[in-house]
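# Structural overview for review
In case you want the letters, here they are:
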Amino acid sequence: MSLHDAGLAIVSVMLVYSWCVSVLLWLAADGMPYTYVLAGMRAPPARYVAFAVVGTTIQAWAAWSFFHTGGWQPELLAVFMLWVIREVQKRTWDADTVVELGRYVPFGTAVAFHLLGRALAPTSDPVLADRFGWEAACGALAMSMGLNGITKFTMSGLKWTSVSGLNLMLAERSVFGPRPLRQLRLLLARSPRFTAALGMLGVVLELAGLLFAVPSARLLIMVGLVLTVLGIEVLLGYFEPEWTLVYPALAMITLA
Amino acid sequence: MTWAELPQLLPWWGSIFAALYFVAAMWFEDAFVISTYRMYSPTADRSEGAVPTFFAAGVEARMIDYDRFEGIDPTGIRWDNFACSHQWMVHEARRWVEEHLAQRPEPGAVEVVWGFRVFKVTDAGEVLETFHPMVSGRAVRR
């Protein structure tokens, strides 16, 4: 398997993963699934289970077919399925609560922009058009990460690097997770100078994420972004396999 | 630029779509596959951080291990003026109580309190913590 195909395989698998996570959050909506506790989940009605099974089958087929044929139809179907489950999820909560619950779909973003970039590609060569599509996906994901940094600056200025920024978040998260992690977070929360530097580094890396759109800078930026996401997972406790894998997958596809 | 030269746009295609994403995000803010990712950004603009916490019989516990709540108004489960970066926990806690209210006084119910552990970090790096109860009542362990 080539590096390109490996990247494509990650995209395909994660499209199914993303669907499954959303389905689980919906099926367990009467419990506390966003807090990763399924203990309160009741047995869902049969029609819900049927929807989940049929939907998962369709999504798996779409992802498999996309991986093997590269066709736009199964890719569009996969994006459509992610949209469907998001709409279903939204109905289980009031108004825009799903946004506050923080469920993002980076692989959905990647393939949606791949479709758009390929459709608008200034070439009739399908292979070249596909490359244009993946470049568009990289651009969208570059701006996704860049916006994290931009929004921090526009909403809070440089406060992110003060004790009210990262220190406070670390202190809050010192009450969750395995004991060694909790101790590490508390230790870092008590080190304002270190966390000021870490906070600044994080914002700089998020802003540097914009360069993921530039092919010549992509590999280096991808390494920085993966480290950023892993740092967020360890220090702040957000377990995000989709964000962890989307940048390496796109880099593998476009740089192979 | 002629049509034949257009493939030279390839290295710039990502930047063009990054700009397109930016415009779409500013326009739609949060729509499917687009987001401004503003969720955690305001959390830096605060002096305290509130973490939802549940106590049963005076001991910190998981709320999901309790049901048949009595004497608790679920609408009191909100972050109010507290700066909370765990909003999903507040949403889930409120709905859990809403959907698991007691129909009548339950034997075996214990005193429960839901509120915020409020953290503050001084410039010297000292971590201060207080507890602010928001709602209290009784509930039964499941």
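Everything quoted here is computed from the prediction, not taken from an experiment.

Here we come to the domain arrangement of chain B. What the domain assignment lists for chain B is domain 1 (6-35) and domain 2 (45-141). Using C-alpha coordinates to define each centre, domain 1 of chain B is positioned 41 Å away from domain 2 of chain B.

Here L115 of chain A shows up in helix 5 (residues 106-119). Considered as a pair, L115 of chain A and Q73 of chain A are 42 residues apart in the sequence and their alpha carbons are 9.6 Å apart.

Attention now moves to the interface of chain B and chain A. On the chain A side, the residues contacting the 47 residues of chain B number 61 residues. Mapped by element, the contributors of at least two residues to the side of chain B that touches chain A are helix 1 (10-28), strand 3 (49-56), helix 2 (87-98) and strand 6 (110-121) of chain B. Of all the elements, helix 1 of chain B adds the most residues to the side of chain B that touches chain A, at eleven residues. Its residues assigned to classes, the side of chain B that touches chain A shows 26 nonpolar, twelve polar and nine charged.

Now for the sheet that holds strand 6 of chain B. Strand pairing in a sheet takes place through backbone hydrogen bonds and is either antiparallel or parallel in direction. Residues and elements named next belong to chain B. Strand order in this open sheet of five strands is 4-3-6-7-5, and the pairing throughout is antiparallel. Single-partner strands in this sheet number two, and they are strand 4 (59-60) and strand 5 (66-70). Both strand 3 and strand 4 contribute to a ladder of two bridges, which runs antiparallel. Bridging across to strand 4, A56 finds its partner in V59.

Below, the discussion takes up the domain arrangement of chain A. Residues and elements named next belong to chain A. According to the domain assignment, chain A consists of domain 1 (1-103) and domain 2 (113-256). With centres defined by C-alpha atoms, the gap from domain 1 to domain 2 works out at 22 Å. Taken together, the 16 residues of domain 1 in the interface contact eleven residues of domain 2. Where the side of domain 1 that touches domain 2 is concerned, the elements lending two or more residues are helix 1 (3-27) and helix 3 (72-91). Top contributing element to the side of domain 1 that touches domain 2 by residue count: helix 1, with ten residues.

Bringing the nonpolar core into the picture now. Across soluble globular proteins, nonpolar side chains have a tendency to be buried as a group. Counting 63 residues, the largest nonpolar core has A110, A140, L141, A142, F212 and L250 of chain A as its most contacted members. Taken together, the elements giving at least two residues each to this core come down to helix 1, helix 2 (46-69), helix 3, helix 5, helix 6 (126-156), helix 10 (218-236) and helix 11 (241-255) of chain A together with helix 1 of chain B. Per-element accounting of this core gives the leading share, twelve residues, to helix 6 of chain A. Excluding anything up to four places from it in sequence, A142 of chain A contacts G209, L210, L211, F212 and A213 of chain A together with G14 and A18 of chain B. Membership of the second largest hydrophobic core comes to 38 residues, among which are L166 of chain A together with I64, A109 and A139 of chain B.

So, about the packing of helix 1 of chain A against helix 2 of chain A. All names here are of chain A. The geometry of helix 1 relative to helix 2 is characterised by a closest axis approach of 9 Å and an angle of 170° between their N-to-C directions. In terms of axis orientation, helix 1 runs roughly antiparallel to helix 2. Contact residues: L8, A9, S12, L15, V16, W19, C20, V23 and L27 in helix 1; Y48, A52, G55, T56, Q59, A60, A63, W64, F66 and F67 in helix 2. Along the lines of polarity and charge, the residues of the contact of helix 1 with helix 2 split into 15 nonpolar, four polar and no charged.

Residues and elements named next belong to chain A. Take M200: it is sitting in helix 9 (residues 192-208). For M200, a count of 15 C-beta atoms within 10 Å gives the class partly exposed. In the structure, M200 is positioned 38 residues away from S162 in sequence and 9.4 Å away in space, judged by C-alpha atoms.

Thresholds, definitions, all that
Residues numbered from 1 in each chain as written. Chains lettered and ligands numbered in written order. Predicted model: local features only at pLDDT ≥ 70, side-chain atom pairs only at ≥ 80, totals over all residues. Domains from an automatic or database assignment. Helix = DSSP H or I, 4+ residues; strand = E, 2+ residues; numbered from the N terminus. Contact = placed C-beta atoms within 7 Å. Nonpolar A, V, L, I, M, F, W, Y, C, P; charged D, E, K, R; others polar. Pairing = 2+ DSSP bridges. Core = buried A, V, L, I, M, F, W, Y, C linked by C-beta atoms within 7 Å. Buried ≥ 20, exposed ≤ 12 C-beta atoms within 10 Å, placed from the backbone. Axes fitted to C-alpha atoms, helices over the stretch in contact; angles between N-to-C directions. Parallel < 35°, antiparallel > 145°, perpendicular 65-115°, else oblique.

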